[in-house]
Amino acid sequence: MSLTVLMNAGPWLSVPPPGYGGIENVVATLVPELRRLGVRVVLASVESSTLPVDEKMWVFPDGQFQSLQRPYNQVCGISQAHLNGVVRALYTRDDIDLVHDHVEAVGLATMAAMGPDAPPVLHTLHWDLAKHPELYGNLDGGERVRVNGVSASQLARAPRALREHSVGHVHLSTPLAVGADRRPAAEKGDYLLILGRINPGKGQDVGARLAQRVGFPLVLAGPVGPYHRPEDLAAAGDEARQNPDVRFFYDQVAPYVDGDLVRWVGTVAGQERDDLLAAARASLFPLRWEEPGGTAVVESLALGTPVVAVSRGCLPELIEHGRTGLLTADEEELGDLVMAAGLLDPDECRREAAARFTPATMAQRYVELYERVRQPAARPLQPA
Ligand code: UDP
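Residues numbered from 1 in each chain as written. Predicted model: local features only at pLDDT ≥ 70, side-chain atom pairs only at ≥ 80, totals over all residues. Heavy atoms only, no water.

Engineer: Break down the site of the ligand for me, with residues and values.
Structural biologist: Around the ligand, a shell composed of 15 residues is seen, among which Y20, R197, K202, V268 and E299 lie nearest. Here an oxygen atom of the ligand sits 2.7 Å away from a polar atom, N or O, in the side chain of R197. Across the complex, the protein chains shield 91% of the 540 Å² of accessible surface that the ligand would expose by itself. When residues of the shell around the ligand are assigned to their parent elements, the largest contribution, three residues, is made by helix α11 (residues 295-302). Classifying every residue of the shell around the ligand by side-chain character gives six nonpolar, five polar and four charged. (Near = heavy atom within 4 Å. Polar contact = N/O pair within 3.5 Å; in protein donor to acceptor, adjacent residues only side chain to side chain. Areas by Shrake-Rupley, 256 points an atom, 1.4 Å probe, with all protein chains shown as cover. Helix = DSSP H or I, 4+ residues; strand = E, 2+ residues; numbered from the N terminus. Nonpolar A, V, L, I, M, F, W, Y, C, P; charged D, E, K, R; others polar.)

Engineer: Just give me the short version of the pairing of strand β11 (residues 282-285), but keep the residues and values in it.
Structural biologist: Because side chains alternate across β11, one face comprises the buried residues A282 and L284, and the other comprises S283 and F285, equally buried. Pairing between β11 and strand β12 (residues 307-310): three bridges, direction parallel. Among the inter-strand pairings, L284 is bridged to a residue of β12, identified as V308. Since β11 and β12 lie parallel, the crossover through α11 that links them has a hand, and here it is right-handed. (Buried < 20%, exposed > 50% of the residue type's maximum accessible area, 1.4 Å probe, protein only. Pairing = 2+ DSSP bridges. Right-handed = clockwise from strand over helix to strand, strands pointing away.)

Engineer: Tell me about the nonpolar core, and please be specific about residues and values.
Structural biologist: Grouped together as the largest cluster of nonpolar side chains are 61 residues, with contacts concentrated most on L193, L218, L284 and L315. The element that contributes the greatest number of residues to this core is α11, accounting for five residues. Apart from the residues within four sequence positions on either side, L284 is in contact with L192, L193, I194, G207, F216, L218, V308, L334 and V338. (Core = buried A, V, L, I, M, F, W, Y, C linked by side-chain atoms within 4.5 Å. Contact = heavy atoms within 4.5 Å.)

Engineer: Can you break down the environment of L233 residue by residue, with the values?
Structural biologist: For L233, the location among the structural elements is in helix α8 (residues 230-236). With relative accessibility at 2%, the residue L233 sits in the buried group. Here the alpha-carbon distance between L233 and G266, two residues 33 residues apart in the chain, equals 9.6 Å. Sequence-distant contacts of L233, that is, excluding residues within four places in its chain, are made with V224, Y227, A240, V246, F249, Y250 and W264.

Engineer: If you had to explain helix α7 (residues 204-215) to someone new, which residues and values would you point to?
Structural biologist: Helical geometry: 3.6 residues make up each α-helical turn, so side chains three or four residues apart lie on a common side. Its 12 residues give α7 an end-to-end C-alpha distance of 15 Å, which sits within 8% of 16 Å, the value for a rise of 1.5 Å per residue. Turning to α7, its buried residues number three or more, namely Q204, D205, V206, G207, A208, L210 and A211. (Expected span 1.5 Å × (residues − 1).)

Engineer: Lay out the packing of aromatic side chains with the relevant residues and their values.
Structural biologist: For any pair of aromatic rings, geometry is given as the distance between the ring centres together with the angle between the planes. Going through the model one piece at a time under the given rule, you end up with three aromatic pairs. When the centroid spacing of 5.9 Å and the interplanar angle of 55 degrees are considered together, the rings of F249 and Y250 count as tilted. Consider the rings of Y366 and Y370, whose centres lie 6.3 Å apart with planes at 35 degrees: the pair is tilted. Of this pair, Y366 and Y370 both sit in helix α15 (residues 359-374), four residues apart, which is roughly one turn of that helix. Residue classification places Y370 among the buried positions, given a relative accessible area of 0%. Grouped by ring-pair contacts, the aromatic residues F249, Y250 and W264 constitute a single cluster. (Phe/Tyr/Trp six-rings, centres within 6.5 Å; stacked < 30°, edge-to-face > 60°.)

Engineer: Would you mind going over the pattern of salt bridges in detail, with residue names and values included?
Structural biologist: Here the structure, examined in full by the defined rule, presents 28 salt bridges. A salt bridge links D54 to R35; the shortest N-O distance between them is 3.1 Å. One end of the pair, D54, is in the loop between β2 (39-45) and β3 (55-58); the other, R35, is in helix α1 (residues 22-36), and 19 residues separate them in sequence. Judged by relative accessible area, which is 36%, D54 ranks as partly exposed. Looking at R35, the relative accessible area reads 31%, which means it is partly exposed. (Salt bridge = Lys/Arg side-chain N within 4 Å of Asp/Glu carboxyl O.)

Engineer: For the side chain of T358, give the residues involved together with the corresponding values.
Structural biologist: Along the polypeptide, T358 turns up in the loop between α14 (346-356) and α15. You can call T358 buried: its relative accessible area is 12%. Here T361 takes part through its side chain, which lies 2.7 Å from a polar atom of the side chain of T358. T358 has contacts with S173, T174, A177, V178 and A353, leaving out every residue within four places of it along the chain.

Engineer: Could you give me a rundown of the pairing of strand β4 (residues 98-101), with the residues and numbers involved?
Structural biologist: The two faces of β4 match: L98 and H100 on one face and V99 and D101 on the other face are all buried. Where strand β1 (residues 3-8) lies against β4, four bridges are found, and the strand directions are parallel. Bridge assignment links L6 to a residue of β4, and that residue is V99. Examined bridge by bridge, β4 and strand β5 (residues 121-124) share three bridges and lie parallel to one another. The residue bridging H100 from the neighbouring strand is L122, located in β5. On the question of chirality, the crossover connecting β4 to the parallel β5 by way of helix α3 (residues 106-113) is right-handed.

The following block contains the structure:
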């Protein structure tokens, strides 16, 4: 295939990310598969990105993630500066067939504002669409700009103007799904795991309260705001409370974290993360928001760990109730489901992941969407 894609991963983290990094992980998973399919990839990221690509471009030497904690007027110039570099490149070179953009809000706004001579754009919506009603409600990307979601449920809730630009959804994937059905089964521990940012939407407070009430061991893994380790959060003192996720942790979660039945272990990465997830009896998603894509959900399946969740967002698309997990609309029922989760077969979970959530499956689907976006006749404006 002769296709050159400018993959805009943004300025926040290097690709692959050093630890936590949802979008950067998706890009790091997608790009090698695209290149295997013959796509030439120009990565717009930061200089410290190490992902093998055909060409790299950047404005910043390193990821600017830490600056996201600063006030808006100090932080907004960073994404603009990065986009400015991307736009300049698009106007000065003629080899880019398509832009695959992943930069929240400003990526879509900037790409949509470029003139008709700019390349076609596929912008992936990785986040909660309710965050940007003004932009999405008034979007006009003409014939040139299209969006895709990371689940059908995410797009179904999108404002009409955004849905009119949609070419459908692509589920997230994980390299752990490759050969998941052939991997030896892990020995299971007795604990449940909530893997994700500590945040009201992810519902760690619900899980921790339930664990204390029903009496099951619960491990919380993930960062609290920018703090990856309990000792870093402690060292930050009262100033850390400026971050809303830190306030949520201290006020709603920490009272239940006793270091025994309920533990917060900070961010886990690499083999440690995989081992922790593979040995969990189930992974728990006590959601209080419409989870858009659920990387941690597909990772859990790939490692043979059934999912117990509040049935919101993409969960019903990813999990089959009674086979790969247990879903409920009522968070109070999670306690009973946790007890029943041990009856589910880890092999079913791993087979499901190997069949549906491999990087190759995701890349194939993106190549199909690239083709659609490049052919104006195949992308009339109509609700998805
Ligand atoms: N993650 C991780 N270590 C942690 C917590 C989370 O590596 O301690 C990873 C998790 O495995 C997943 C990503 O962070 O790959 C979170 O993506 P997801 O789509 O589940 O949630 P988001 O944060 O994007 O809403």
